[in-house]
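Close look at the chain arrangement
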Amino acid sequence: MPAEFSCLSNFTFLTGGSHPEDYVRRALMLGLEAIAIADENSVAGIVRAHAECLDIARRVRERRAWDQRNAAIGPPCPDHIVPPPSFPVYATLRLIPAARLILADAPAVIALPQNRAGWGRLARLISTGRLRAPKGQCQLCLADLLEHAEGLHLLLLPQALQDPGGAHGWAPHIEALTRRFAGRMHLLIAPRYDGRDRARFAHLATAARTLKLPLLASAAPRMHHGCQRRLADVLSAIRLRCRVEDLGRAALTNGEQRLRSQAEMKHLFKDYGEAVAEAGALAQKLCFSLDELRYDYPDEGLNGESPTARLRRLSEVGLIWRYPGGVPPKVRAMLEHELALIARLKYEPYFLTVHDIVDFARSRGILCQGRGSAANSVTCYALGVTSVSPEMGTMVFERFVSEARDEPPDIDVDFEHERREEVIQWIYERYGRHRAGLCATVIHYRGKRAIREVGRAMGLSEDTIGALSSQLWGGFDRSGSTTQRLTEIGLDPTARRLRQTLELVQQIIGFPRHLSQHVGGFIITDGRLDELVPIENASMEGRTVICWDKDDIDTLGILKVDVLSLGMLSCIRKAFDLMRQHHRLDYDLATLPPEDPQVYDMLCRADSLGVFQVESRAQMNFLPRMKPRNFYDLVIEVAIVRPGPIQGDMVHPYIRRRNGEESVEYPSDALGAVLRKTLGVPLFQEQAMQIAMVGADFTPEQADRLRRSLTTFKNHGNVSEFRSLFLRGMKRNGYDDAFSERCFSQIEGFGSYGFPESHAASFALLVYASAWIKCHHPGLFACALLNSQPMGFYAPAQIVRDAREHGVTVRPICINASYWDNVMEPDGQGGLALRLGFRQIKGLSEDDACWLTAARGNGYMEVEDLWRRAGLNPPVITRLAEADAFAALGLNRREALWAAKAITAKKPLPLFAREMEGESIQEPEAHLPQMTVGEEVVEDYVAMRLSLKAHPVALLRHLLTPRG
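Residues numbered from 1 in each chain as written. Predicted model: local features only at pLDDT ≥ 70, side-chain atom pairs only at ≥ 80, totals over all residues. Heavy atoms only, no water.

**Some details on the overall build of the protein chain**
Counting its secondary structure elements, the protein chain contains 40 helices and 18 strands. Burial status across the protein chain gives 54% buried among its 964 residues. Long-range pairs, those at least 24 residues apart, make up 74% of the contacts in the protein chain with a sequence separation of at least 6. (Helix = DSSP H or I, 4+ residues; strand = E, 2+ residues; numbered from the N terminus. Buried < 20%, exposed > 50% of the residue type's maximum accessible area, 1.4 Å probe, protein only. Contact = heavy atoms within 4.5 Å.)

**Quick word on helix H7 (residues 229-240)**
Taking 1.5 Å as the rise per residue, H7 with twelve residues should run 16 Å; its terminal C-alpha atoms sit 17 Å apart, in good agreement. Of the residues trailing H7, Arg241 is marked for its positive phi of about 55°. (Expected span 1.5 Å × (residues − 1).)

**Thoughts on the side chain of Ser18**
With respect to the element layout, Ser18 can be found in the loop between strand E1 (3-7) and helix H1 (20-29). At 2.7 Å, the side chain of Ser18 forms a polar contact with the side chain of His224. With residues up to four places along the chain from it excluded, the contact list for Ser18 reads Ser9, Asn10, Tyr23, Arg222, Met223, His224, Gln228 and Phe511. (Polar contact = N/O pair within 3.5 Å; in protein donor to acceptor, adjacent residues only side chain to side chain.)

**Let's talk about the packing of aromatic side chains**
As enumerated under the stated definition, the model contains 17 aromatic pairs in all. Ring plane angle 20° and centroid distance 6.3 Å describe the contact between Trp119 and Trp548, whose orientation is recorded as stacked. Of this pair, Trp119 sits in helix H3 (residues 116-131) while Trp548 sits in strand E14 (residues 544-549), and the two are 429 residues apart along the sequence. When sorted by exposure, Trp119 lands in the same class as Trp548, which is buried. Seen in terms of ring centroids, Phe201 and Tyr272 are 5.9 Å apart; in terms of plane orientation they differ by 85°. Their pairing is edge-to-face. (Phe/Tyr/Trp six-rings, centres within 6.5 Å; stacked < 30°, edge-to-face > 60°.)

**Comments concerning the environment of Gly455**
Among the structural elements, Gly455 can be located in helix H15 (residues 447-457). On a C-alpha basis, the gap between Gly455 and Val234 in space is 9.6 Å, while along the polypeptide they are 221 residues apart. If we skip the residues at most four places from it in the chain, Gly455 touches Ala450, Leu460, Ile465 and Thr501.

**Structural notes on a nonpolar patch on the surface**
The grouping of Val933, Leu955, Leu956 and Leu959 at the surface amounts to a nonpolar patch, some 360 Å² of accessible area in total. Along the chain, Val933 falls in helix H40 (residues 933-944). (Patch = residues over 30% accessible without salt bridge, like charges linked within 9 Å, V, L, I, M, F, W, Y side chains within 5 Å. Areas by Shrake-Rupley, 256 points an atom, 1.4 Å probe, with all protein chains shown as cover. Salt bridge = Lys/Arg side-chain N within 4 Å of Asp/Glu carboxyl O.)

**What to know about the sheet that holds E1**
Taken in spatial order, the three strands of this open sheet run E1-E2-E3, and their pairing is parallel. The two strands at the open ends of the sheet, each matched to only one other strand, are E1 and strand E3 (94-97). Averaged over all pairs of adjacent strands, the angle between their axes in this sheet comes to 20°, without regard to strand direction. Along the sheet, helix H9 (residues 273-285) contacts E1, strand E2 (34-37) and E3; its crossing angle with E1, the most-contacted strand, is approximately 85°. (Pairing = 2+ DSSP bridges. Axes fitted to C-alpha atoms, helices over the stretch in contact; angles between N-to-C directions.)

**Section: the environment of Gln506**
Considering the arrangement of structural elements, one finds Gln506 in helix H18 (residues 496-508). Counting along the chain gives 55 residues from Gln506 to Ile451, while the straight-line C-alpha distance between them is 9.1 Å.

**Section: the packing of H7 against H18**
Look at H7 against H18: their axes get within 10 Å of each other, and the N-to-C directions meet at 85°. Here H7 lies roughly perpendicular to H18, going by the angle between them. Between H7 and H18, the residues in contact are Arg230, Leu231, Val234, Leu235 and Ile238 and Gln500, Glu503, Leu504, Gln507 and Ile508, respectively. Its residues assigned to classes, the contact of H7 with H18 shows six nonpolar, two polar and two charged. (Parallel < 35°, antiparallel > 145°, perpendicular 65-115°, else oblique. Nonpolar A, V, L, I, M, F, W, Y, C, P; charged D, E, K, R; others polar.)

**Digging into the pattern of salt bridges**
Scanning the model with the defined rule gives 61 salt bridges in all. Of the charged contacts, one joins Glu503 and Arg230 as a salt bridge, the two residues approaching to 3.3 Å between their closest N and O atoms. Taken as a pair, Glu503 in helix H18 and Arg230 in helix H7 lie far apart in primary sequence, 273 residues in all. Its relative accessible area of 35% is what places Glu503 among the partly exposed residues. The salt bridge involving Arg839 is made with Asp821; its shortest N-O contact spans 2.4 Å. Of this pair, Arg839 sits in the loop between strand E18 (832-835) and helix H35 (846-854) while Asp821 is found in the loop between strand E16 (809-811) and strand E17 (823-826), placing the two residues 18 residues apart along the sequence. Its relative accessible area of 18% is what places Arg839 among the buried residues.

**Description of the sheet that holds strand E8 (residues 215-217)**
Spatially, the five strands line up as an open sheet ordered E4-E5-E6-E7-E8, and their pairing is mixed. Of all the strands in the sheet, the pair left with one neighbour each is strand E4 (99-101) and E8. In this sheet, neighbouring strand axes are inclined to one another by 35° on average, regardless of whether the strands run parallel or antiparallel. With five bridges connecting them, strand E5 (residues 109-113) and strand E6 (residues 152-156) associate as antiparallel partners. From the neighbouring strand, Ala111 faces E6, where its bridge partner is Leu154. Together, strand E7 (185-189) and E8 form the strand contacts of helix H6 (residues 197-211), whose direction differs from that of E7 by roughly 170°.

**Regarding helix H12 (residues 348-363)**
Compared with an ideal rise of 1.5 Å per residue, which puts 16 residues at 22 Å, H12 spans 22 Å between its outermost C-alpha atoms and is within 8% of the ideal. Across the 16 residues of H12, 13 count as buried, placing the element largely inside the fold. Two residues or fewer past H12, Gly365 is found with a positive phi of approximately 75°.

**Side note on the confidence of the model for the protein chain**
Per-residue confidence for the protein chain averages 86 on the pLDDT scale, and 89% of its residues sit at or above 70. Scored below 50 in pLDDT, residues 79-85 shows 16 contacts in the model against residues more than four places distant or in partner chains. (pLDDT = per-residue confidence, 0-100.)

**Brief notes about the nonpolar core**
One broad rule of soluble globular proteins: the nonpolar side chains tend to lie buried together. Counting 127 residues, the largest nonpolar core has Leu101, Ile427 and Trp548 as its most contacted members. When residues in this core are grouped by element, the largest group, eight residues, is from H12. Contact partners of Leu101, with chain neighbours within four places excluded, come to Asn41, Ala108, Val109, Ala111, Leu122, Leu125, Ile126, Leu140 and Leu145. Of all hydrophobic cores here, the second largest spans 101 residues; its members include Leu634, Ala639, Ala870 and Ala896. (Core = buried A, V, L, I, M, F, W, Y, C linked by side-chain atoms within 4.5 Å.)

As structure tokens, then:
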């Protein structure tokens, strides 16, 4: 069995010169049957290779089925995807998980798990080293490796023995390794391609006999093909922060350190054929595969109660809470259907885990809202995960949990953005850091960063790099446009160094650069998470992450709960608190009065400043055309003003059909059932999948692959590969070519910005909630919005102006009436006024504001009084004066500032309390000129970014012409 055990991928960041997927494809072309991706102290890239192996295996199955069909019925059928010609038709390849362990006090080794237990120990070993080091680093020693030795096979790297003098002093450590791993250890023999390999091989063979270790041959590839050599050198230059021309011995001497075929290996090791054969023999002994990784959901049952019984009990209690007047029979039937399906798939612990997280948030008064397909689940509605009533939903539960798709459900839960960290830390405390961790996000090279870093490595000047990144960051093409753009910015497109740089930039785009943390995707396990995947420290204190991203865990079928943050939830929760405080109204997202005509009237006027999702100028322009009159109109409103529908030319046809300017026609009854609710225009990802299945006879597996390619956050998402399959299927079902082309182009518009209907439904609820509050309580809404900043499109000045236009009395910051937050106070006429808070003052901290309010008592009498009682530093008092906070004391801005500048000490001194000849020390009264309105407005904006005195343009209105 031809095998390679030492492939270094680009997940050894800025060192390896090829993607894991490239190694897999190249290995198939070269006829290898087993390959190990062995990155330094990491298994981050293994799942990418595993996914490629799975995809190739799928293509091989399809090709075999295609061949069998042809053999049975005769003429070839073109309607199946077959393997590309880049590898043999029936090729197979085993991926052997591995990691290259760099030890601080012993030689480097490659660790190969022999079984599932060995994989668990390897993951814990890497976790040990990663958790004791800062982000991106690993600190391992020999004792760690010896402690986790069970189930591992070692390959001793040749660098440990290629120094005959033993300068490293590693002989005792190597002896310890050979004793601990007796019968489970090889000495790797690999060429350096420098003309001295024969002598080196002889020395290694002698050392192997002394250590009683069998030799194992490897090409030690750093790239899958020799054409990657230049890119590998550029990566080294970026890592070492130098130019390529200054790499010296760190540069590759040639392009030979690449993946090789069995024939090439036999030629390289012609005197050591047993070492080549040993690689195949070892590959047959190592039986572990990533397919063996089984994920167990956390089971936190109480008092021996089974997960099934607990989920049913909590759901029943939740239905009584949601429907105090009685549960509708339809909802009851939906719940029974969902619980039966959940029980068959044994997903109860997953729902209970999400319930526990949401229940904790509710117990702390943290507003949360489930989105995604959970919005269509009665179970999630009863558990309090989502507030979208199942009667509002338009999708079936099987879109969320399906027996046909062998993958776990996925629930996204948004929490208040100011309090999400409470939830994250509770998860770590509840389940333990050995059972919970955030997903990684792989940061890939994109245009601007690629140009900057490759340009510096290639020695381009900073001016040239700046010009390139400002003009070409969006990408390159092989037409003349790139050459023309280079010429326009004053660069010579024929210059050799510039041309090489651009070629290398194109190569490096898509390469991983480092790992970051996912925005909120949590992996929570029943057993030890660090035996499933290594855990490491994040850059943010108090957080730990795994080394796989969301696509990797999707490939392996591992649960992820997205604990996300949303600023509007903070705003809505604060508005609900204000409503309870001032109006004794106790509402939540599920109990707001539904389908209020006044709310829809307000939205039809595009009066939506600050309203979630519909506050942008594009949405404001679209609202009067859309004229939403019910909840589902808001679902469409949220989804349609997106780049995907706009690029796919879906917006104008929908509006014309909605307004009766164009007839609504369906190409068939089958597609009519899919598109009827959106008037024949596909707007959602789910519709794209349904069109492919109904109109083009896609299998569920193919439709799911199409769905994945439509995911917004895909790094390399591309739906074009499905084009020919889609067009052939549509034609076979009788649809004309023009319609099929148009239909696929609309689907293709989702390629980067598609929006699921289930997400739109959850967002639409927040649209309605925020619009309802703004419509009926504009003052409370503005107050909550200001207290939740920064968020949204609009600055505080615009929020305040909009509130005043809605009849809200807004009062300025006052040293004796304001608090840190903006508050509502009686306006003296039976209503409420909005009092601006100290948080609006730039440079003022919350701690200082709290000291100020705590020491205020019955009020401050003068500026010096504030200094004495609150103990604030003079610069803080100056900021308050600059914000005109002392106006209530009868001091204008300049007078207050004059008094503040007289305070120079941090604390009052006895000198200032002493009397001289029976009189206090006094300064002569200063006569300061009054500020003009324009000066006041300017100073307001400098201090607070807003002004209640006048709008800046109002001061210029007399200069404007009658025509504006």
